[in-house]
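# An overview of the molecular structure
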Amino acid sequence: MTFDRVFDEHPWKSAEAQLNNIGVRDVERALSKVGKLSPFDFLALLSECAKPYLEDMAQLSYSLTRKRFGKTMQLYAPMYLSNECQNICTYCGFRYDNALKRKTLSDEEILAEASEIKRHGFDHILLVTGEAQKTVGMSYFLRALELVRPLFSNISFEVQPLDEEDYRTLSQEGVHSVLVYQETYHEDRYRLHHPKGKKSNFRYRLETPERLGRA
Ligand code: SF4
């Protein structure tokens, strides 16, 4: 089942109604459950009744993290390639309607910045841009990748959500991971804070991890 179908099965209104019926027992049941929790368990842990159980949740979370990841800690250095952006996100200084000096790194600048990051001992780089298809689209990404690939053993991207085919290309060209944030799952609030630009398409953003997974 695709994630957007799972999402549609849990409308906010019914989640709110369920929240009002949750009791302490539901919280305790969720906390003592072995294995995967259900959406209802998750709701129980978010409810008012769960407040006194915050420390229990923290301990459980700590032990699960240890079990899954051990004591591994990953460090990466973000490198901004461009602050051009066609979107208006109400919380961001890069938004289209903010009178800001715009800059996109040239090949020489990318190499100089990346070499400096490498010199500081980082082997994992995160390439970041705003969303400006014409200036920083796939051809720019591929060029940037070509330049930084010899320097880093791990390359991540934090750029606009892309089509599945583009993700496949990036993966073939050496991108190890992609970061994408779902600022809110509340569609009305999302619309309020993303009034203009391609990012205003809530569904396209919601379906991004799915496209990534397939790629
Ligand atoms: S898309 Fe990203 S860079 Fe552009 S305005 Fe929104 S948060 Fe800022």
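Treat the numbers as computed from the prediction; the structure is a model and nothing was measured.

## Concerning the nonpolar core
- One finds Met79, Ile110, Leu127, Phe141 and Phe157 to be the most contacted residues of the largest nonpolar core, which totals 26 residues.
- It is helix 7 (residues 138-148) that provides the largest number of residues to this core, a total of 7 residues.
- Those residues in contact with Phe141, other than ones at most four positions away along the chain, are Thr129, Val136, Phe157, Val159, Gln160, Leu162 and Leu170.

## Digging into the domain arrangement of the chain
- Entries for the chain in the domain assignment read domain 1 (3-68) and domain 2 (77-214).
- Across the contact, 5 residues belong to domain 1 and 7 residues belong to domain 2.
- When domain 1 packs against domain 2, the two sides together hide about 630 Å² of surface, and 60% of this comes from carbon and sulfur.
- Together, Phe3, Phe7 and Trp12 form the three largest contributors to the area buried by domain 1 at its contact with domain 2, with a combined 73%.
- The salt bridge involving Arg203 is made with Asp8; its shortest N-O contact spans 2.8 Å.
- Seen at the junction of domain 1 and domain 2, the total is 3 residue pairs in polar contact (both at pLDDT 80 or more).
- It is helix 1 (residues 3-8) that contributes the most residues to the side of domain 1 that touches domain 2, 4 residues altogether.

## Thoughts on the pattern of salt bridges
- Applying the stated criterion to the full structure yields 18 salt bridges.
- In this structure, the salt-bridge partner of Lys103 is Glu109, at a minimum N-O distance of 2.8 Å.
- Classification of Lys103 by relative accessible area gives partly exposed; the value is 41%.
- Arg205 is the salt-bridge partner of Glu183, the closest N and O atoms lying 3.3 Å from each other. Of this pair, Glu183 sits in the loop between strand 4 (177-178) and helix 9 (187-193) while Arg205 is found in helix 10 (residues 202-206), placing the two residues 22 residues apart along the sequence.

## Some points on the pairing of strand 3 (residues 154-158)
- Of all 5 residues in strand 3, 4 are buried, a share of seventy percent or more.
- Tracing the backbone out of strand 2 (residues 124-128), into helix 7 and back to the parallel element strand 3 gives a crossover that is right-handed.
- Judged from the 2 bridges that link them, strand 3 and strand 4 form a sheet pairing that is parallel. From the neighbouring strand, Phe157 faces strand 4, where its bridge partner is Val178.
- The parallel pair strand 3 and strand 4 is bridged by helix 8 (residues 164-172), and the resulting crossover is right-handed.

## Thoughts on a nonpolar patch on the surface
- The grouping of Phe3, Trp12 and Tyr185 at the surface amounts to a nonpolar patch, some 310 Å² of accessible area in total.
- A relative accessible area of 42% places Trp12 in the partly exposed class.

## Looking at helix 3 (residues 24-32)
- Within helix 3 the residues assigned to the buried category are Asp26, Val27, Ala30 and Leu31. Buried residues of helix 3 fall within an arc of 135° about the axis and therefore sit on the same side. Away from its buried face by more than 90 degrees, helix 3 exposes Arg25 and Ser32.
- For helix 3, the elements touching its buried residues are helix 4 (39-46) and helix 5 (54-69).

## Section: the side chain of Gln182
- Within the secondary structure, Gln182 is located in the loop between strand 4 and helix 9.
- Residue contacts for Gln182: discarding those within four places in its chain leaves Tyr190, Phe202, Arg205 and Leu206.

## Remarks on the packing of aromatic side chains
- The tally for this structure, following the rule as stated, stands at 6 aromatic pairs.
- Judged by centre distance (6.0 Å) and plane angle (85°), the rings of Tyr80 and Phe94 are edge-to-face. With Tyr80 in strand 1 (residues 77-80) and Phe94 in the loop between strand 1 and helix 6 (107-119), the pair connects residues that are 14 residues apart, well separated along the chain.
- Residue classification places Tyr80 among the partly exposed positions, given a relative accessible area of 46%.
- Phe94 sits in the partly exposed class, given a relative accessible area of 29%.
- Aromatic pair Tyr190 and Phe202: ring centres 5.2 Å apart, planes at 70°, arrangement edge-to-face.

## Focus on the sheet that holds strand 1
- Across the sheet, which stays open at both edges, the 4 strands sit in the order 1-2-3-4 with parallel pairing between neighbours. Every interior strand has two partners, whereas the edge strands, strand 1 and strand 4, have only one.
- The pairing of strand 2 with strand 3 spans 5 bridges and is parallel. Note on strand 3: the bridge partner recorded for Ile125 is Ile155.
- Where helix 6 meets the sheet, it contacts strand 1 and strand 2, and its direction lies at approximately 165° from that of strand 1.

The rules behind these values
Residues numbered from 1 in each chain as written. Predicted model: local features only at pLDDT ≥ 70, side-chain atom pairs only at ≥ 80, totals over all residues. Heavy atoms only, no water. Core = buried A, V, L, I, M, F, W, Y, C linked by side-chain atoms within 4.5 Å. Buried < 20%, exposed > 50% of the residue type's maximum accessible area, 1.4 Å probe, protein only. Helix = DSSP H or I, 4+ residues; strand = E, 2+ residues; numbered from the N terminus. Contact = heavy atoms within 4.5 Å. Domains from an automatic or database assignment. Buried area = accessible area lost by both parts, 1.4 Å probe. Salt bridge = Lys/Arg side-chain N within 4 Å of Asp/Glu carboxyl O. Polar contact = N/O pair within 3.5 Å; in protein donor to acceptor, adjacent residues only side chain to side chain. Right-handed = clockwise from strand over helix to strand, strands pointing away. Pairing = 2+ DSSP bridges. Patch = residues over 30% accessible without salt bridge, like charges linked within 9 Å, V, L, I, M, F, W, Y side chains within 5 Å. Areas by Shrake-Rupley, 256 points an atom, 1.4 Å probe, with all protein chains shown as cover. Arc of directions from axis to C-beta. Phe/Tyr/Trp six-rings, centres within 6.5 Å; stacked < 30°, edge-to-face > 60°. Axes fitted to C-alpha atoms, helices over the stretch in contact; angles between N-to-C directions.

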